[in-house]
Amino acid sequence: MKKEVVAMLLAGGQGSRLYALTSHVAKPAVPFGGKYRIIDFPLSNCVNSGIDTVGVLTQYRPLELNSYIGNGQPWDLDRSDGGVHILPPYQREGEQGTWYKGTANAIYQNIGFLDLYDPDYVVILSGDHIYKMDYSDMVDQHKRTQADCTISVLEVTLEEAKRFGIMNAHPDGQVYEFEEKPQHPKSTLASMGIYVFTWSKLRKYLIDDEANPDSSNDFGKNIIPNMLGAGEKLMTYRFDGYWKDVGTIDSLWDANMDMLAPRSSIDLRDNEWPIYARTPIRPPHVTGPDAKLSHSLVTGGCRVDGSVENSVLFHSVTVEEGAEVEYSILMPGATVKAGAKVSYAIVAEEATVQAQATVGSAPDGSEGWGIAVVAGGVTIGEKAVVAPSAMVREDVKGGEQV
Amino acid sequence: MNDLHGILFAYHSDANLGELTRPRNTCSLAFGGRYRLIDFMLSSYVNAGITDVGIIVHEGYQSLLDHLGSGKDWDLSRKHGGLRILPPFGYAEQGHGTYRGNMEALAGVSGYLNNIRQDYVIMGWGDIALNLPVAKVLEEHLASKADITVVCSPALKGAPRFSEYVEVSGEGRITDLSIHPSAADKALESLEVYILSKQLLLDMVEYCAAHDVHSFSRGVLQPRLKSLKLVPYIHQGYVGRFQSVGDYFQRSMDLLDPAVRDDLFSPVRPIRTKDQSNPSTYYGPDAVSSRSLVADGCFIEGQVENSILSRGVIIEQGAKVSNSVLMQGTVVKAGASLSYVIADKNVKVNEGRTLMGHSTYPLAIAKNSIV
């Protein structure tokens with residue numbers, strides 16, 4: 001049935017800059033903020049914006065993401081008409097199937113899906129940002145300005161601008177130039193990777209772009225410049241709320257820490273714009289007689305007997321007696337045994353830090369300092385020491401140093 | 001296992017829970033931080049593979065309906081079968097006051113009973129906190145060739161004057177059933193959870209209706225101790241029954257015992273409940289939390305000790321909560337102090353107030369009260 005707006009969520013990326021954290025799952029499935037996975041943010045935004053048809057384009061390690069999304073019920077996206085659809089690359093008659101070559105190609109390969117719903121507008125989203133945004137407001141502006149493409153932008157500093165796609169726009173918001181990671185930025189309006197397209201226009205540009213063998217089939221590199229070059233109307237949409245790219249270990253750690261200060265980041269307790277998640281069945285968390293908890297998030301199924309400060313604990317985490325956890329992120333099922341110390345670290349799902357072991361340390365101003373990462377399922381042996389900024393992918397024997 | 005049908009009674013209760021059950025049926029009383037009592041029996045059914053469950057309600061069931069919804073959180077929202085809420089007046093000829101007993105309740109939904117697809121039925125009250133291995137109960141029911149299996153607990157958790165007790169012979173048959181005796185020293189406590197065949201149930205419902213008998217225990221079990229083979233299933237796990245405010249408080253405090261939690265919240269048979277997408281609980285810089293069970297979505301800047309907190313409780317800076325049970329959405333303002341208090345849903349305790357009950361007489365505060 002015809003839909004006015006369909007959202008397409010690009011969730012196929014590996015997120016290679018998250019290293020060990022995405023060795024088994026796609027980036028959008030990485031746990032975030034105690035209760036969530038990254039993809040919960042764009043998905044919840046869709047539902048809260050009244051978009052009930054969402055295509056999730058998957059490619060890299062999709063299994064966990066697929067089972068997490070399931071039938072879309074946690075986001076009220078289990079609909080008899082529309083709802084959430086997982087869209088992996090597929091084979092067509094008479095041709096060899098190909099992987100999604102780029103963001104634009106991923107949408108190109110799903111023109112058939114979009115045609116099923118014959119939308120007026122398509123919202124393109126990515127699965128690696130933490131933010132709350134009303135896409136319907138952006139679509140409204142797109143309609144009002146009769147744009148062909150509307151690009152959500154955020155004011156950044158001149159220094160940061162060098163890392164983003166920068167939109168140079170007239171005062172009325174119409175884009176006249178787009179620069180990818182400019183050395184000398186002319187403006188500080190950074191693209192957030194969120195686009196609204198008039199579907200009939202985008203459809204044409206996708207087909208043209210696909211016919212060009214030299215194209216890298218990417219929205220930022222090809223589609224946007226092509227539309228600009230052809231004189232289409234591209235508008236910026238100003239966003240000024242909290243928005244964080246969580247594509248690197250540091251930014252993921254940072255954004256998690258931001259969740260401890262809801263006044264300055266995202267208020268997850270706000271009932272007006274709830275972020276939904278698939279919640280595993282766990283009893284409430286338990287604090288022991290000597291537990292110390294300060295400025296931290298703790299989730300169902302946790303057992304805290306030690307000390308936890310400035311940290312985010314996902315579900316089913318155990319912090320034993322005498323263990324100290326500070327400025328760290330403990331993902332679902334992580335265990336910190338008695339007397340162990342975890343600071344400035346990310347301990348991934350089901351990893352274990354054995355008794356008296358040390359993971360990471362507070363910043364000491366030295367060059368090589370960074371967040372220590374223990375990959376999912378890994379065991380750090382008794383009294384072992386994991387240095388700051390280490391990336392541990394395999395078990396560490398007791399007493400060893402890495 | 002698809003040959004077992006589940007029935008839960010949730011039509012009223014004899015329990016004397018005062019303020020706590022005024023706005024609701026005992027079955028939808030909050031318990032254990034994030035649960036309602038009905039979650040325990042309902043999850044026990046679902047974890048045994050039961051796909052069809054009928055819940056018999058009569059009055060005060062609004063909060064139960066809100067909680068259960070379509071049954072999707074228990075995987076009971078199905079094309080065939082699934083969850084059925086059975087209100088009174090569902091059948092034209094019915095329709096006088098409250099059900100006088102479970103047999104009358106069953107007669108009230110006889111049309112539903114006739115359509116049960118399964119050969120066996122498990123029935124019981126929806127207000128017991130336990131994690132019953134229903135699959136095992138059925139297995140033993142079939143192996144013993146009993147007509148009726150009665151689930152019993154060796155640990156006396158109810159008060160004799162509200163509970164039923166069975167005596168068992170050497171061959172493992174129930175030889176006597178006493179209802180609300182003044183003392184019950186050597187007997188097993190019946191949890192009033194039964195497995196029997198659909199056919200026997202239908203026959204008994206018809207017999208009881210024709211003879212104006214309202215109670216399964218008095219009308220079916222007691223007169224048929226010899227003619228039917230009644231066998232106990234002894235449940236060794238934790239059982240929490242709720243017959244007074246004091247009981248409710250004690251059973252809540254039981255959850256601070258890890259052995260009780262391990263049994264009740266066994267990961268093999270998880271207790272399911274309505275998902276509310278609460279964020280994680282936040283502890284502020286000066287928060288203290290010890291020996292407590294805390295659900296998601298709380299915001300704690302004060303002190304919590306020996307307490308059970310439901311979803312979305314707010315404890316402001318300098319507030320102290322000890323030995324208390326705070327239900328969903330309770331707000332304890334700065335500097336307030338609570339001890340041996342049961343605060344119902346959305347209670348607000350203002351700045352600096354001090355509320356104190358006693359372990360034998362906890363102070364229960366009604367839903368939506370502002371102190």
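Preceding this section is the structure that the text describes.
In this report, the structure presented in the accompanying data block is examined. (Residues numbered from 1 in each chain as written. Chains lettered and ligands numbered in written order. Predicted model: local features only at pLDDT ≥ 70, side-chain atom pairs only at ≥ 80, totals over all residues. Heavy atoms only, no water.)

## As for the overall build of chain B
Okay, step 1: Counting its secondary structure elements, chain B contains 9 helices and 26 strands.
Okay, step 2: In terms of its C-alpha atoms, chain B occupies a principal-axis envelope of roughly 65 × 45 × 40 Å.
Okay, step 3: Within chain B, the proportion of its 371 residues that are buried is 60%.
Okay, step 4: Put simply, 59% of the contacts in chain B that link residues at least 6 apart link residues at least 24 apart.
Okay, step 5: In the structure as shown, chain B presents an accessible area of about 14,200 Å², 47% of it carried by carbon and sulfur atoms.
Okay, step 6: Computed over 35 positive and 39 negative side-chain charges, the inter-centroid distance for chain B is 2 Å. (Helix = DSSP H or I, 4+ residues; strand = E, 2+ residues; numbered from the N terminus. Buried < 20%, exposed > 50% of the residue type's maximum accessible area, 1.4 Å probe, protein only. Contact = heavy atoms within 4.5 Å. Areas by Shrake-Rupley, 256 points an atom, 1.4 Å probe, with all protein chains shown as cover. Lys, Arg positive; Asp, Glu negative; His and termini not counted. Charge placed at Lys NZ, Arg CZ, Asp CG, Glu CD.)

## A short note on the overall build of chain A
Okay, step 1: The helix and strand inventory of chain A stands at 9 helices and 31 strands.
Okay, step 2: Scaling as 2.2 N^0.38, a compact globule of 402 residues should have a C-alpha radius of gyration of about 21 Å, and chain A matches this with 22 Å.
Okay, step 3: Counting only C-alpha atoms and orienting by the principal axes, one finds that chain A spans roughly 65 × 50 × 45 Å.
Okay, step 4: Surface summary for chain A: the accessible area is close to 16,200 Å², and the carbon and sulfur share equals 46%. (Rg over C-alpha atoms; globule rule 2.2 N^0.38 Å.)

## A few points about the pattern of salt bridges
All names here are of chain A.
Okay, step 1: A full pass over the atoms with the stated rule returns 32 salt bridges over all chains.
Okay, step 2: Across the salt bridge formed by Lys-204 and Asp-208, the nearest N and O atoms sit 3.6 Å from each other. Here Asp-208 and Lys-204 lie together in helix α7 (residues 199–211), a separation of 4 residues that amounts to about one turn.
Okay, step 3: The class of Lys-204 is partly exposed, set by a relative accessible area of 44%.
Okay, step 4: Connected through shared salt-bridge partners, Lys-3, Asp-52, Arg-79 and Asp-81 make up one network. (Salt bridge = Lys/Arg side-chain N within 4 Å of Asp/Glu carboxyl O.)

## Section: the layout of surface pockets
Residues and elements named next belong to chain A.
Okay, step 1: As a volume, the largest pocket reaches approximately 1,600 Å³.
Okay, step 2: Arg-17, Lys-27, Asp-128, His-129 and Asp-245 are the residues nearest the centre of the largest pocket, which is lined by 46 residues in total.
Okay, step 3: Taken together, the elements giving at least two residues each to the lining of the largest pocket come down to α3 (103–108), β6 (121–126), β8 (149–155), β10 (175–180), β11 (189–198), α8 (219–229), β13 (243–245) and α9 (249–258).
Okay, step 4: If one sorts the elements of the lining of the largest pocket by residue count, β11 sits on top with 4 residues.
Okay, step 5: Among the residues making up the lining of the largest pocket, the classes are represented as 15 nonpolar, 17 polar and 14 charged. (1 Å grid on protein atoms, 1.4 Å probe; cavity = no way out; pocket = protein on both sides within 12 Å on 5 of 7 lines; lining within 4 Å. Points joined across faces, edges and corners; volume = space filled by probe spheres on them. Nonpolar A, V, L, I, M, F, W, Y, C, P; charged D, E, K, R; others polar.)

## Some details on unusual backbone geometry
Residues and elements named next belong to chain A.
Okay, step 1: Of note in this structure, Tyr-19 is not a glycine but carries a positive phi near 45°.
Okay, step 2: With respect to the helices and strands, Tyr-19 occurs in the loop between β1 (5–10) and β2 (31–32).
Okay, step 3: On the basis of relative accessible area, Tyr-19 is assigned to the partly exposed category, the value being 44%.

## A few points about the side chain of Arg34(B)
Okay, step 1: One can find Arg34(B) in the loop between β2 (30–31) and β3 (35–36).
Okay, step 2: The side chain of Arg34(B) is buried and forms no salt bridge, while Asp275(B), the nearest opposite charge, is found at 5.2 Å.
Okay, step 3: Ignoring any residue separated from it by four or fewer positions in sequence, one finds Arg34(B) in contact with Arg282(A), Pro283(A), Pro284(A), Asp39(B), Thr273(B), Ala295(B) and Arg311(B).

## Quick word on the interface of chain B and chain A
Okay, step 1: The interface of chain B with chain A comprises 33 residues on the first partner and 33 residues on the second.
Okay, step 2: A combined buried area of about 2,700 Å² lies between chain B and chain A, and 48% of that area is made up of carbon and sulfur atoms.
Okay, step 3: On the chain B side of the contact with chain A, Ser280(B), Tyr282(B) and Tyr283(B) bury the most area, a combined 20% of that side's loss.
Okay, step 4: At the boundary of chain B with chain A, the tally comes to 1 salt bridge.
Okay, step 5: We note a salt bridge from Lys35(A) to Asp296(B), for which the minimum N-O separation is 2.6 Å.
Okay, step 6: Joining chain B to chain A, the criterion identifies 21 residue pairs in polar contact (both at pLDDT 80 or more).
Okay, step 7: Listing elements by their share of the side of chain B that touches chain A, those giving two or more residues are β12 (281–283), β13 (288–290) and β14 (292–294) of chain B.
Okay, step 8: Split by residue class, the side of chain B that touches chain A holds 15 nonpolar, 11 polar and 7 charged.
Okay, step 9: Two elements, strand β16 (residues 296–298) of chain A and β12(B), share 3 bridges in a ladder whose sense is antiparallel. Note that in β12(B) the partner of Leu297(A) across the bridge is Tyr282(B). (Buried area = accessible area lost by both parts, 1.4 Å probe. Polar contact = N/O pair within 3.5 Å; in protein donor to acceptor, adjacent residues only side chain to side chain. Pairing = 2+ DSSP bridges.)

## Some remarks on the sheet that holds β14(B)
Okay, step 1: Ordered in space as β29(A)-β26(A)-β23(A)-β20(A)-β17(A)-β14(A)-β14(B)-β17(B)-β20(B)-β23(B)-β26(B), the 11 strands form an open sheet in which the pairing is mixed. If you trace the sheet from one side to the other, it starts and ends with β29 (379–380) of chain A together with β26 (363–365) of chain B, each paired once.
Okay, step 2: As judged from the 2 bridges shared by strand β23 (residues 335–336) of chain A and strand β26 (residues 352–353) of chain A, these two strands associate in the parallel manner. Bridge assignment links Val336(A) to a residue of β26(A), and that residue is Val353(A).

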